[in-house]
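Spelled out from the first residue to the last, the chains are:
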Amino acid sequence: MQLHINDMTPETFLAEYWQKKPLVIRQGFKNFEDLLTPEEMAGLATNEMVESRRVSNKGGVWDAEFGPFESHEHLGDSEWTLIVQALNNWLPQSEALIQCFDFIPRWRLDDLMVSYGLPGGGVGPHIDLYDVFICQGSGSRRWRVGKKEGNTEFVAHPALLHVEQFEPILDIELNTGDILYLPSGYPHDGISLEPSMSFSVGYRTASSKEMFSALADHIIDSGQGEQRIDDPDRPMSKHSGLIDNQDFNRIKEQMLSTMNDTLISEFTGRFLTNSKCELDLPEQKFEFQIEDVLTQLEQQPLIRMGGLRCLYFENSYEQGIVYINGEQVILPHTLVSLIPRLCNLQELTNEVLADYLGNSDFQLLITDWVNSGYWYFDA
Ligand code: SIN
Ligand code: CO
């Protein structure tokens, strides 16, 4: 799968469009094929671990429900849409599509969402808080996009936040292989013109509110933040109700010194590698032995579980620090050069791992990861 951004380089795209303005990419993917069939998608939506949503607009009445869904028959063959989030957690083929957008780093990725729309189906005019590449699969959809400013949101249904009708700055039809890039905040409305599938590669960042809320838990769980203010040099107070500037600065310094680089990277590494949705991991660990893994590696590569997040920081990986699925892992010095391979590659082949195969620390780690389901051999 190869992405063509209208003869633009990724650098130009980033400089001129990313987070700035919408872009219609015609035939971004030549000969694009759906990553799954509507039947396979409906199958996923019956699974309670999979996040799915169904939106209908019958005769102007909006309805929205959350899955799992046993059947969609009662909805007929028009005016409804089925959505499955985090398709990348369940469908290995998703990775090939996401990789096309790897000029944006994975820590920014939210998920790959798929939607199947029947004629007239859509989720209604709305605003998203993420940037998205909406890749049109089979069928076609009409998309209208409005100006970023001056939109009013309202609750169209308890599970649907809509915006008032807007004057379109774009009114286009997407056909198979076309892509619509939308920065966050632009109101948009997509309506299927015929049974159609679209694959949305979404990017988001967390709000400070979300991060501080999780940071508080991290500080408590990791037993940090015990510092208190010492003030042996305190001058006499003339106004007992006053917090003077010197005291304000002590309090500020107490908080800021807690938030040092180590805490921030330890926290964000964990925070950003937490999977948003359930991962397809075994309930109980497998029982592979080191030899099983090494022998199997000679035959086939290890594949990273879809949706598993692995990240490393430029300023700490040389200390062996890597974050995998919400955990910090500290590798021995001899395995530092493994870290970029773990985090940047979807497949670990015998060749990629050649330098480490005889390393006993590596053997234990990789066997543990295989037993946890983090990396797997394709059956
Ligand atoms: C859809 O794909 O049906 C809706 C996607 C969106 O507009 O967020
Ligand atoms: Co949207």
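In this text the structure is predicted, and so the values were computed from the model without any measurement.

### Structural notes on the overall build of the protein chain
- Helices and strands together make up the secondary structure of the protein chain, namely 10 helices and 19 strands.
- Principal-axis analysis of the C-alpha atoms places the extent of the protein chain at approximately 75 × 70 × 45 Å.
- By residue count, 46% of the 379 residues in the protein chain fall in the buried class.
- Counting every atom, the protein chain has about 19,800 Å² of accessible surface; 50% of that belongs to carbon and sulfur.
- In the protein chain, the 27 positive side-chain charges and the 58 negative ones have mean positions that sit 9 Å from each other.

### Brief notes about the coordination of the cobalt ion (ligand 2)
- Here the cobalt ion (ligand 2) is held by the protein donor atoms His-126 (NE2), Asp-128 (OD) and His-188 (NE2), which lie 1.9 to 2.1 Å from it.
- All donors of the cobalt ion (ligand 2) come from a single chain, and their spacing in sequence reads H-x1-D-x59-H. Asp-128 carries the same exposure label as His-126, and that label is buried.

### Some remarks on helix α10 (residues 360-372)
- Over its 13 residues, α10 runs 18 Å from end to end, which matches the ideal 18 Å to within 8%, given 1.5 Å per residue.
- Of the residues making up α10, those classed as buried are Phe-362, Gln-363, Leu-365, Ile-366, Thr-367, Trp-369, Val-370, Asn-371 and Ser-372.
- In the stretch just after α10, Gly-373 is the one whose phi turns positive, near 85°.

### Here we look at the domain arrangement of the protein chain
- The domain boundaries assigned to the protein chain delineate domain 1 (10-203) and domain 2 (290-377).
- Here the C-alpha centroids of domain 1 and domain 2 sit 33 Å apart.
- With nine residues of domain 1 in contact, the opposing surface of domain 2 contributes seven residues.
- Surface buried jointly by domain 1 and domain 2 totals about 600 Å² across both partners, of which 43% is contributed by carbon and sulfur atoms.
- Taken together, the links from domain 1 to domain 2 amount to zero salt bridges.

The rules behind the values
- Residues numbered from 1 in each chain as written.
- Chains lettered and ligands numbered in written order.
- Predicted model: local features only at pLDDT ≥ 70, side-chain atom pairs only at ≥ 80, totals over all residues.
- Heavy atoms only, no water.
- Helix = DSSP H or I, 4+ residues; strand = E, 2+ residues; numbered from the N terminus.
- Buried < 20%, exposed > 50% of the residue type's maximum accessible area, 1.4 Å probe, protein only.
- Areas by Shrake-Rupley, 256 points an atom, 1.4 Å probe, with all protein chains shown as cover.
- Lys, Arg positive; Asp, Glu negative; His and termini not counted.
- Charge placed at Lys NZ, Arg CZ, Asp CG, Glu CD.
- Donors = N, O, S within 2.8 Å, 3.2 Å for Na, K, Ca; no water.
- Expected span 1.5 Å × (residues − 1).
- Domains from an automatic or database assignment.
- Contact = heavy atoms within 4.5 Å.
- Buried area = accessible area lost by both parts, 1.4 Å probe.
- Salt bridge = Lys/Arg side-chain N within 4 Å of Asp/Glu carboxyl O.

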